[in-house]
Amino acid sequence: MKQLQWSNVKQTFSSMFRMGSTKDNGGENTNSDPSLGAVEITDFLEVKKGMHTEVSLKARAGNKSLDPLCFLSIVAVNRTIDIQCSTSKDRDLFYRSLQGIVTTNKLRVRFS
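As the structure is a prediction and not an experimental result, all values here were calculated from the model.

A few words now on the nonpolar core. In terms of nonpolar packing, the biggest core is built from 15 residues, with F44, V47, L72, I74, I83 and L98 touching the most fellow members. Every element with two or more residues in this core is listed here: β6 (44–49), β7 (71–76), β8 (80–85) and α3 (88–110). In terms of residues, this core owes the most to one element, α3, which gives five residues.

With that out of the way, let us pick up the pairing of β7. Most of β7 is tucked away, with six of its six residues classed as buried. Burial of the side chains of β7 extends over both faces: F71, S73 and V75 are buried on one face and L72, I74 and A76 on the other. In the sheet, β6 pairs with β7 via five bridges, with the strands oriented antiparallel. Bridge pairing in β7 links E46 to V75. Note that β7 and β8 share five bridges and pair antiparallel. Residue pairing in the sheet places I74 in a bridge with I81 of β8.

Topologically, D82 is positioned in strand β8. Buried within the structure, D82 lacks any salt-bridge partner; its nearest side chain of opposite charge belongs to R79, at an N-O separation of 9.0 Å. There is a polar contact of 2.6 Å between the side chain of D82 and the side chain of T53. Of the polar contacts made by the side chain of D82, one reaches the side chain of S73; its length is 2.6 Å.

Conventions and cut-offs
- Residues numbered from 1 in each chain as written.
- Predicted model: local features only at pLDDT ≥ 70, side-chain atom pairs only at ≥ 80, totals over all residues.
- Heavy atoms only, no water.
- Core = buried A, V, L, I, M, F, W, Y, C linked by side-chain atoms within 4.5 Å.
- Buried < 20%, exposed > 50% of the residue type's maximum accessible area, 1.4 Å probe, protein only.
- Helix = DSSP H or I, 4+ residues; strand = E, 2+ residues; numbered from the N terminus.
- Pairing = 2+ DSSP bridges.
- Lys, Arg positive; Asp, Glu negative; His and termini not counted.
- Salt bridge = Lys/Arg side-chain N within 4 Å of Asp/Glu carboxyl O.
- Polar contact = N/O pair within 3.5 Å; in protein donor to acceptor, adjacent residues only side chain to side chain.

Such coordinate-based values are descriptive only and should not be taken to indicate function.
The structure is reproduced here in structure tokens:
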């Protein structure tokens, strides 16, 4: 899991996600290539606050000092990315920003 500090979001974000154009393959978005370790932001389906994935729950089981209020998960087409923020306030800021991307993606699909 990657710890995210709000002060370096742009640098971290650009290294974790690709922001290219959407490719269409019969209505299916095929931008994300998990082998590249990057996810297209157009593939974001949902953002969840807290620790929900098997990976984050295992991390929590091994380290009870991890604060679930500092975590969020980005659910994308081919994978889920767990992010640990420095504070719950940073997590909430990042969550709201990602929610905007998810909403835009849903509108894009709905009107395409």
